[in-house]
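What the coordinates show
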Amino acid sequence: MLDKAGLNIFQISTAVKYLFFYFSGAFLYAQKDRKTERKDILISCACSVGMYSIVFLLGQKEEKSDILKAAVMVITFFCSAAGVYMVYSAMICFQEKLDHMRYGRLWNALGNNSFGIYLFHQQIIYLTIIPLNGKVPPVMQVGISFITAICAAGLIASVLRKWNMTKALYGL
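For clarity, every value in this text was computed on a predicted model and none was experimentally measured.

Description of the overall build of the chain
Check the secondary structure of the chain and you find seven helices and zero strands. Across the chain, helices and strands are ordered from the amino to the carboxyl terminus as α-α-α-α-α-α-α. In the chain, which comprises 172 residues, the share counted as buried stands at 20%. Taking contacts inside the chain between residues at least 6 apart in sequence as the whole, the part at least 24 apart equals 65%. Counting every atom, the chain has about 13,200 Å² of accessible surface; 70% of that belongs to carbon and sulfur.

Structural data, given as structure tokens:
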């Protein structure tokens, strides 16, 4: 809510907004030995779609009270949480099928540079959005931005891993 009011200094309100997801990830990681079934995926998918439908219907009202705006924000937040859990459940459910990829060169490169990719991808996406906005279809823009961001951020991260000073900054 603070970022909507223009009080997102140093991305603090954004960090607070994602704090729930951080602790949820830590909780799910602690539960990693729990068997996930396909019904978990279906339930979280149904919750997410249902909440998105509610948000869409509430958004169609022309006059929105403050309570309705707050309800839409809360429902949207929990909808995102259900979507994250759905993806997590799907990854756990299909992990056996993905295990063979674990030893490939691409997988190892992503694993070694994942922190750097995480740090730099957003800034690179912004650099691709500005020149492409309105000039290419949105689906194409997403694909181009994704590929460019992952490749460029991976390259930056792999270069930065070569020097002792940047290794210290990374905590390696």
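What about the side chain of S145?
Relative to the helices and strands, S145 is located in helix α6 (residues 138-160). Not counting residues up to four positions away in its chain, the partners in contact with S145 are I125, T128 and I129.

Some remarks on the packing of helix α1 (residues 12-30) against helix α3 (residues 66-93)
When two helices pack together, you describe them by how their axes are tilted relative to each other and by the distance separating the axes. Look at α1 against α3: their axes get within 11 Å of each other, and the N-to-C directions meet at 30 degrees. Judged by the angle between their axes, α1 and α3 are roughly parallel. Between α1 and α3 lies a crossing whose hand is right-handed. Contacts between α1 and α3 pair K17, F20, F21 and L28 from the former with F77, S80, A81, V84, Y85 and Y88 from the latter. Split by residue class, the contact of α1 with α3 holds eight nonpolar, one polar and one charged.

Points about α3
Given 3.6 residues per turn, any residue in an α-helix points the same way as the ones three and four places further on. Here α3 is 28 residues long and its end C-alpha atoms lie 40 Å apart, about the 40 Å a rise of 1.5 Å per residue gives. Turning to α3, its buried residues number three or more, namely L68, V72, C79, A81, A82, G83, S89, I92 and C93.

Points about a nonpolar patch on the surface
Together, L19, Y22 and F23 make up an exposed nonpolar region whose accessible area comes to about 360 Å². Mapped onto the fold, Y22 is located in helix α1.

Description of α6
The end-to-end C-alpha distance of α6, which contains 23 residues, comes to 32 Å, matching closely the 33 Å that a straight helix rising 1.5 Å per residue would cover. The complete set of buried residues in α6 reads Q141, S145, A149, A153, G154 and A157.

Concerning the packing of aromatic side chains
According to the stated counting rule, one finds three aromatic pairs in the structure shown. A network of ring pairs unites the aromatic residues F20, F77 and F78 as a single cluster.

What about the packing of helix α5 (residues 105-132) against α6?
Look at α5 against α6: their axes get within 6 Å of each other, and the N-to-C directions meet at 135 degrees. Judged by the angle between their axes, α5 and α6 are oblique. For the crossing formed where α5 meets α6, the hand is right-handed. Considering only residue class, the contact of α5 with α6 consists of 15 nonpolar, nine polar and no charged.

Some details on the confidence of the model for the chain
Caution is warranted with low-pLDDT regions, since their predicted coordinates should not be read in detail. Per-residue pLDDT for the chain averages 78, and the proportion of residues at 70 or more is 84%. The element-level mean pLDDT for the chain is lowest in helix α4 (residues 95-98), coming to 66, with α6 highest at 89.

Reading guide: rules and limits
- The residue numbers shown here count from 1 along each chain, following its written sequence.
- Local features in this predicted model are restricted to residues of pLDDT 70 or higher, and side-chain atom pairs are both shown and tallied only at a pLDDT of 80 or more, whereas totals for entire chains, interfaces and linings draw on every residue.
- Derived side-chain values reflect all non-hydrogen atoms in the structure, with water molecules and hydrogen atoms excluded from consideration.
- Numbering of helices and strands runs from the N terminus; a helix is a DSSP stretch of H or I covering at least four residues, while a strand is a stretch of E covering at least two.
- Whether a residue is buried, partly exposed or exposed follows from its accessible area with a 1.4 Å probe, protein chains only, as a fraction of its type maximum: under 20%, in between, or over 50%, in that order.
- By definition in these notes, contact holds between two residues if any of their heavy atoms fall within 4.5 Å.
- The Shrake-Rupley method, run with a 1.4 Å probe sphere, supplies the accessible areas, and residue values consider only the shown protein chains as cover.
- With axes taken as lines fitted to C-alpha atoms, and helix axes fitted only over the stretch in contact, angles between N-to-C directions fall between 0 and 180 degrees.
- For classification purposes, angles smaller than 35 degrees are called roughly parallel, those larger than 145 roughly antiparallel, those between 65 and 115 roughly perpendicular, and all remaining angles oblique.
- In this scheme the handedness of a crossing depends on how the near helix is turned from the far one: anticlockwise by less than a right angle means left-handed, clockwise means right-handed.
- Polar here means any residue outside two lists: the nonpolar Ala, Val, Leu, Ile, Met, Phe, Trp, Tyr, Cys and Pro, and the charged Asp, Glu, Lys and Arg; Gly therefore counts as polar.
- By this rule the span expected of a helix is its residue count minus one, scaled by 1.5 Å.
- Here the term patch refers to residues with relative accessible area over 30% and no salt bridge, with like charges joined within 9 Å and nonpolar side chains (Val, Leu, Ile, Met, Phe, Trp, Tyr) within 5 Å.
- By salt bridge we mean one thing: a side-chain nitrogen of Lys or Arg within 4 Å of a carboxyl oxygen of Asp or Glu.
- Here is the rule: rings of Phe, Tyr and Trp (six-membered ring for Trp) pair when centre to centre is within 6.5 Å. Planes less than 30 degrees apart are stacked, more than 60 are edge-to-face, and the remainder are tilted.
- Looking at any residue, its pLDDT shows the predictor's confidence there, from 0 to 100.

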